[in-house]
Amino acid sequence: MQAYGWPGNVRELQNVIERAVILSEGDIFSVDETWLKRQTPQSAGPTVALNKALHRQEKEMIEAALAESAGRVSGPGGAATKLGIPRPTLDAKIKRLGINKYRFKVHQSN
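Not measured: the values here are computed from a predicted model.

Caption draft 1: A look at a nonpolar patch on the surface. Side chains of Met1, Leu13, Ile17, Val21 and Phe29 sit close together on the surface and give an oily, nonpolar patch of about 400 Å² of accessible area. The topology assignment puts Leu13 in helix 1 (residues 9–23).

Okay, structure coming up:
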């Protein structure tokens, strides 16, 4: 127990001692070494994959709304209204996702 670094400090030590006392069957308590080993954090793979999928879907939805509204962000026919979110929120999302809203503008010829 002395060689262990106790990253959780006093609380971790207290928890190990309480566990040993509860599980002891006699006058002497012992500590199982597995109680002292820190669990390695789980891979962030699924979380990262989910975040990427959500960002991709969000980007696709915003681009579709911009295409339907001919690049217009605000107003009754704007992408923000179609998506049901405030214009400033949509502007922030467009910037964060790196969407070029001008490519959806319809150029009318005279």
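Caption draft 2: A look at helix 4 (residues 87–97). Those residues of helix 4 lying buried are Leu90, Ile94 and Leu97. Projection of helix 4 onto a plane perpendicular to its axis shows the buried side chains occupying an angular sector of 80°, all on one side. Positive backbone phi, at 70°, marks Gly98, one or two positions downstream of helix 4.

Caption draft 3: Region of the structure containing unusual backbone geometry. If you check the backbone angles, Ala70 has positive phi at about 55° while not being a glycine. Inspection of the secondary structure puts Ala70 in the loop between helix 2 (45–68) and helix 3 (79–83).

Caption draft 4: Spotlight on the side chain of Ser69. Checked against the element boundaries, Ser69 lands in the loop between helix 2 and helix 3. Under the relative-accessibility criterion, Ser69 is labelled buried at 9%. Only 2.9 Å separates the side chain of Ser69 from the backbone oxygen of Ala65, close enough to count as a polar contact. Dropping the residues within four chain positions of it, Ser69 is found in contact with Gly77, Gly78, Ala79 and Lys82.

Caption draft 5: Seen up close, the confidence of the model for the protein chain. Of all residues in the protein chain, 88% have pLDDT values of 70 or greater, and the mean over the chain is 83. The secondary-structure element of the protein chain with the lowest mean pLDDT is helix 1, recorded at 83, while helix 3 shows the highest, at 94.

Caption draft 6: View of the environment of Phe104. Within the fold, Phe104 resides in the segment after helix 4. Accessibility expressed as a relative area gives 13% for Phe104, which makes it buried. Measuring from C-alpha to C-alpha, the distance between Phe104 and Ala70 comes to 5.4 Å, with 34 residues separating the pair along the chain. Leaving out residues up to four positions away in the same chain, Phe104 has contacts with Glu63, Leu66, Ala67, Ala70, Gly71 and Ile99.

Caption draft 7: Geometry of the nonpolar core. By size, the foremost hydrophobic cluster in this structure holds 11 residues: Ile62, Ala65, Leu66, Val73, Ala79, Ala80, Leu90, Ile94, Leu97, Ile99 and Phe104. Elements with a minimum of two residues in this core: helix 2, helix 3 and helix 4. Apart from residues lying up to four places away in sequence, Leu66 is in contact with Gly71, Arg72, Val73, Ala79, Ile94, Ile99, Lys101 and Phe104. In terms of nonpolar packing, the next biggest core, distinct from the first, is built from 6 residues, Tyr4, Ala20, Trp35 and Leu36 among them.

Caption draft 8: The arrangement of the pattern of salt bridges in detail. Under the defined criterion, the tally for this structure stands at 5 salt bridges. A salt bridge links Glu63 to Arg103, with the nearest nitrogen and oxygen atoms 3.2 Å apart. One end of the pair, Glu63, is in helix 2; the other, Arg103, is in the segment after helix 4, and 40 residues separate them in sequence. A relative accessible area of 17% places Glu63 in the buried class. One salt bridge in this structure joins Asp91 and Arg87, with 2.5 Å as the shortest N-O distance. Residue Asp91 and its partner Arg87 are located together in helix 4, separated by 4 residues, close to a single helical turn. Look at Asp91 and you get partly exposed, because its relative accessible area is 23%. Among the ionic contacts, a cluster of salt bridges with common partners joins Glu58, Lys93 and Arg96.

Rules behind the numbers
- Residues numbered from 1 in each chain as written.
- Predicted model: local features only at pLDDT ≥ 70, side-chain atom pairs only at ≥ 80, totals over all residues.
- Heavy atoms only, no water.
- Patch = residues over 30% accessible without salt bridge, like charges linked within 9 Å, V, L, I, M, F, W, Y side chains within 5 Å.
- Areas by Shrake-Rupley, 256 points an atom, 1.4 Å probe, with all protein chains shown as cover.
- Salt bridge = Lys/Arg side-chain N within 4 Å of Asp/Glu carboxyl O.
- Helix = DSSP H or I, 4+ residues; strand = E, 2+ residues; numbered from the N terminus.
- Buried < 20%, exposed > 50% of the residue type's maximum accessible area, 1.4 Å probe, protein only.
- Arc of directions from axis to C-beta.
- Polar contact = N/O pair within 3.5 Å; in protein donor to acceptor, adjacent residues only side chain to side chain.
- Contact = heavy atoms within 4.5 Å.
- pLDDT = per-residue confidence, 0-100.
- Core = buried A, V, L, I, M, F, W, Y, C linked by side-chain atoms within 4.5 Å.

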